[in-house]
Amino acid sequence: AGLGLTVLLAGRLIYGVGVGITMHGAPTYLSEQSPTQIRGLLISLKEASIVLGILMGYFVGLVFSKTVGGWAMTYGVAIIPAVLIVALSFVIPESCRWLLLQGKEREALESLSFVFRGGHAEREFETLKNNQETAEQTQEVQGGGNRGIWDPSYRAPFRAGVGIIVLQQITGQPSVLSYATPIFRDAGLSDYATILVAVFKLVATLCAAVTVEKFGRKKLLYTGCSLMLAALIALSLSFGNTSQGAEGTILIAMFVYIGGYQVGFGPIGWLIISEVFPLSVRGQAVAVAVQMNFLLNAIVQFGVPVLESWIGLNFTFAIFAAFTAYSIYFVKANVPETKGFTLEEIEMQFTSMYRPNTSGTATQAQPLFDN
């Protein structure tokens, strides 16, 4: 039994490392390979795929829930998509933009030919090459050198990208849903609660994916945060309320909160971090964002019960509501609308927000994006 537990924990640890690497690589790769017109759709579908996987996991777990050793069978079923991911990773090419950054022009053109057909690949290649040369010239004008991720000229994209991920977690997402199970149990839906929630999350995420290129990133963030704010206010007023109808209000508020998160922070947060960082530090910056995601998820998950014991659940939800209200301001002030821009245009516009001064540091100019 001891050996079995050790193997299980080791497997979970290795699995978690793999998930972390994938969470870093997937949005970065998709953003660098996707055509501008459908980049938002494809990266948002990444989030939808995760939710679909969660739904399938819940369903398989329910099927084997009454089977002795069913948890092992559930893990066994997960081997199938894992093998597919590994196999297909050898089929797709390396990122065209990363290849260009390494000076591998022939390989970059071949990579683009995987996405674009005929003369479209060559035209896209020339555009990317010209944009990269322009970005390098701009960097030389602003001081040149191998600037690291903490360079002052990267503060605006870093603030926008990492800030979104921080707010994604401290608005309560890791812990609010943990209260859904007892609510569903009281409503007589405990056996199918997780599947019901996962189906609803999938539908909401798909709605965001198919509308992100029409309405833009910021409108979906505004919509999602507004729904979350309304839900959190309702939850803060309803928990502990013994009046008739309070339980129904909580149930509805939970679904509104879930829908708001899956329309806004869920898919759009990962979309923003895959778009705003400059190519030269994108890998590092996305890695920082992913680590912040996991770190704050754990802090909120384990910290909320302590906070609840100190001030009660109502005030805890009120704190989440305050952070959500601030999120709306943060999106307004710091997050650009990236719809319709190439990654190079986004990088150049962020770069133009900073001008080096005589002391060798950078001063912030007015942003060019429509806020």
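Calculation rules
Residues numbered from 1 in each chain as written. Predicted model: local features only at pLDDT ≥ 70, side-chain atom pairs only at ≥ 80, totals over all residues. Heavy atoms only, no water. Helix = DSSP H or I, 4+ residues; strand = E, 2+ residues; numbered from the N terminus. Contact = heavy atoms within 4.5 Å. Core = buried A, V, L, I, M, F, W, Y, C linked by side-chain atoms within 4.5 Å. Buried < 20%, exposed > 50% of the residue type's maximum accessible area, 1.4 Å probe, protein only. Axes fitted to C-alpha atoms, helices over the stretch in contact; angles between N-to-C directions. Parallel < 35°, antiparallel > 145°, perpendicular 65-115°, else oblique. Left-handed = near helix turned anticlockwise from the far one by under 90°.

Undergrad: Explain the side chain of Lys-46 to me, please; I cannot follow it from the model alone.
TA: Within the element layout of this structure, Lys-46 appears in helix 2 (residues 39–63). Excluding residues within four positions of it along the chain, Lys-46 makes contact with Ala-26, Leu-30 and Trp-270.

Undergrad: Any chance you could explain the nonpolar core here in plain terms?
TA: General note: in soluble globular proteins, nonpolar side chains tend to be found buried as a group. Core analysis: the biggest nonpolar cluster contains 54 residues, and Val-176, Leu-232, Leu-235, Phe-265, Phe-277 and Phe-317 have the highest contact counts within it. Those elements that provide at least two residues to this core are helix 7 (155–170), helix 10 (193–215), helix 11 (217–238), helix 12 (246–263), helix 13 (265–276), helix 14 (282–334) and helix 15 (343–352). In terms of residue count, helix 14 provides more of this core than any other element does, 13 residues in total. Other than its neighbours up to four places away in sequence, Phe-277 contacts Pro-157, Phe-158, Gly-161, Val-162, Arg-282, Ala-285 and Val-286. Counting 9 residues, the second-largest nonpolar core is a separate cluster that includes Leu-100, Leu-112, Phe-125 and Leu-128.

Undergrad: What exactly am I supposed to notice about the packing of helix 2 against helix 13 here?
TA: Packed helix pairs are characterised by how far apart their axes lie and by the angle those axes make with each other. It is at 8 Å that the axes of helix 2 and helix 13 come closest, and there the two elements cross at 125°. Relative to helix 13, the element helix 2 lies oblique. The chirality of how helix 2 crosses helix 13 is right-handed. Between helix 2 and helix 13, the contacting residues are Arg-39, Gly-40, Ile-43, Ser-44, Lys-46 and Glu-47 on the first element and Gly-266, Pro-267, Ile-268, Trp-270, Leu-271, Ser-274 and Glu-275 on the second.

Undergrad: Explain the packing of helix 10 against helix 12 here, please?
TA: Packing of helix 10 against helix 12 brings their axes to within 8 Å, and their N-to-C directions diverge by 40°. Here helix 10 is positioned oblique relative to helix 12, judged by the angle of their axes. By crossing handedness, the relation of helix 10 to helix 12 is classed as right-handed. Across from Leu-196, Val-197, Phe-200, Lys-201, Ala-204, Thr-205 and Ala-208 in helix 10, the residues of helix 12 making contact are Phe-255, Ile-258, Gly-259, Gln-262 and Val-263.

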